[in-house]
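Chain residues, written in single-letter form:
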Amino acid sequence: MGAAYALEQRGFVPDLVVGTSVGALNGAIAAAHPDRAAPWLDHVWTQVRRRDVFPLGYPSSRASDFADRGLRRLIARAGLPSRIEQLALPFVAVAMDLATGAQELLDHGDLESALLASTAVPGILPPVDREGQTLVDGAPVAYVPVRAAQDAGAASLVVLSAGPESWPVRPTMPRLRARAISARAGLLRLHHQIERDLHAVCECIPTVVLPTGIDVWPAPWDFGQSPRLISTASRAAGGFLDALRVTGPGLYRRDEQQAGPVRGEPA
C-alpha cells in the first residue's frame, strides 16, 4: 500500500494489474482508481479493524472458521464496480481450483465473487463457487503472481509484495514446537515458490521488486499497524525507485536488510 504512494508520486500508472489473495483486493482498487489508488488503499486499510474481516459471533460452517460477511462489507466500501470488465484497467485475480489444484485466472465476470475466491484462505474463509468451480485463495500456487502477469502479456513487472515470505529468509532454527515448525516450513515453502517464479520471469522481462522497509511484520489480523506499514513502505519504495536504473530483462531489487544500492541481475 505504501509503495502505491511512491509510484503515484513518480507518475507511474500500470497497464495491467494482477493480484493474489489480499493483493487481489488491493489490485482491484488500483485498477478501479489508477491515478489515485494510494489514497483509496490508505482509506480502506487504516479504517479496517480485525472484526471487520474476521467477525466473531457469526456462525461458521464446516468449511471455514469465519464467515465472509466482513470481507463482503470491506469490498463494498472499496468503491468498486460490479464486474471486472468495468474496471478502468485490465485486472486479473488469481485463485486456486480446490478440486484440481490448478491456478485460475479470473479476468471477467462478477468482481465480488472473484475477490472472495482469491482471498478465501483455506480453512479460514469459505471457498467460493464460481462458474462451476470451487475456488480458494491463489497463494498456494501463485503467492506473487508474476507468471500470471507474464502470461497476460506484461512486458515488464513491478512487484508489490507484502510479507516476510518475499525477502531472503535468515537461517534460523524455530522452537521445537509443532506450531513453530509448521510456520517455519510454510514460510520456506512460500519463499522458494516466490524465488522460483521471479527468476523464471526475469529471464524474459524486467522484473522490479519494490522494498517495504519493514523489519518486523505484525500478525496478519493486526490492522492497527497499517499506518506505520504504509508510511515505512512509501519511504523505502521511493528511495529505491529514485536509484533504480533498468537496463533490460533481469531482477531488480534490494534486500530488506540492506541500505545499499539497487541490485540488478540482468539475465
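Our subject is the structure listed above.
The residue numbering used here restarts from 1 in each chain and proceeds along that chain's sequence as written. The model is predicted, so local features are restricted to residues of pLDDT at least 70 and side-chain atom pairs to those at 80 or more, both for listing and for counting; the totals for chains, interfaces and linings are taken over all residues. Where side-chain values are given, they derive from all heavy atoms of the structure, hydrogens and water being excluded.

Enquirer: Can you help me understand the environment of D110 in this one?
Expert: Mapped onto the secondary structure, D110 falls in the loop between strand 3 (103-106) and helix 6 (111-118). Since its relative accessible area comes to 34%, D110 is described here as partly exposed. When the C-alpha positions of D110 and I84 are compared, they lie 6.3 Å apart, and in sequence the two are 26 residues distant. Working rule for contacts: check all heavy atoms of both residues, and any pair within 4.5 Å makes them a contact. Among all residues touching D110, those that are not within four sequence positions of it are S82, R83, I84 and R130. A polar contact is formed between the side chain of D110 and the backbone nitrogen of S113, at a distance of 2.7 Å. In this text, helices come from DSSP runs of H or I with a minimum length of four residues, and strands from runs of E with a minimum of two, each type numbered from the N-terminal end. Under the scheme applied here, a residue whose accessible area is under 20% of the maximum for its type counts as buried, over 50% as exposed, and between as partly exposed, the area being computed with a 1.4 Å probe on protein chains only. We define a polar contact as two N or O atoms separated by no more than 3.5 Å, with the added condition that, inside protein, one atom must be a possible hydrogen donor and the other a possible acceptor, whereas residues neighbouring each other in sequence contribute only through side-chain atom pairs.

Enquirer: What exactly am I supposed to notice about the environment of G238 here?
Expert: Summarising the element assignment, G238 is placed in helix 10 (residues 226-243). G238 sits in the buried class, given a relative accessible area of 4%.

Enquirer: Whenever I open this one, the pairing of strand 3 confuses me. Can you help?
Expert: Burial along strand 3 is one-sided: the residues E104 and L106 are buried and none of Q103 and L105 is. In the sheet, strand 2 (residues 91-97) pairs with strand 3 via 4 bridges, with the strands oriented antiparallel. Bridged to M96 within strand 3 is Q103. In this description, strands pair whenever DSSP reports at least two bridges between them. The turn linking strand 2 back onto strand 3 is made up of 5 residues, and G101 within it adopts a positive phi angle of 80°.

Enquirer: Is there a simple way to explain unusual backbone geometry in this structure?
Expert: For residues besides glycine, phi is generally negative; the peptide bonds are generally trans as well. The residue S21 is not glycine, and still its phi comes out positive at about 60°. In this structure, S21 sits in the loop between strand 1 (17-20) and helix 2 (22-32). Residue classification places S21 among the buried positions, given a relative accessible area of 16%. Backbone geometry places E131, a non-glycine residue, at a positive phi of 50°. Take E131: it is sitting in the loop between strand 4 (128-130) and strand 5 (133-137).

Enquirer: Quick question: what am I supposed to make of the nonpolar core here?
Expert: Grouped burial of nonpolar side chains is what soluble globular proteins tend to show. In this structure, L25, L80, L87, F91, L111 and L115 are the most contacted members of the largest nonpolar core, which totals 34 residues. Where this core is concerned, the elements lending two or more residues are helix 2, helix 3 (37-47), helix 5 (69-76), strand 2 and helix 6. Broken down by element, this core gets its largest block of residues, 6 residues, from helix 2. Excluding anything up to four places from it in sequence, L115 contacts A24, L25, A28, I75, L80 and F91. V144, L198, V201 and I205 belong to the second largest nonpolar core, which has 13 residues in total. Only buried residues count toward a nonpolar core, which is a set of Ala, Val, Leu, Ile, Met, Phe, Trp, Tyr and Cys residues joined through side-chain atoms within 4.5 Å.

Enquirer: Would you mind showing me how to read the side chain of T46 here?
Expert: Positionally, T46 belongs in helix 3. Look past the residues within four positions of T46 in its chain and what remains in contact with it is S226, P227 and I230.

Enquirer: Just to check I follow, could you spell out helix 2 for this structure?
Expert: Each full turn of the α-helix corresponds to 3.6 residues, which orients residues three or four apart in the same direction. Helix 2 sits mainly inside the fold: 9 of its 11 residues count as buried. Taken together, the buried positions of helix 2 are occupied by A24, L25, N26, G27, A28, I29, A30, A31 and A32. Where helix 2 is buried, its residues meet strand 1, helix 3, helix 5, strand 2 and helix 6.

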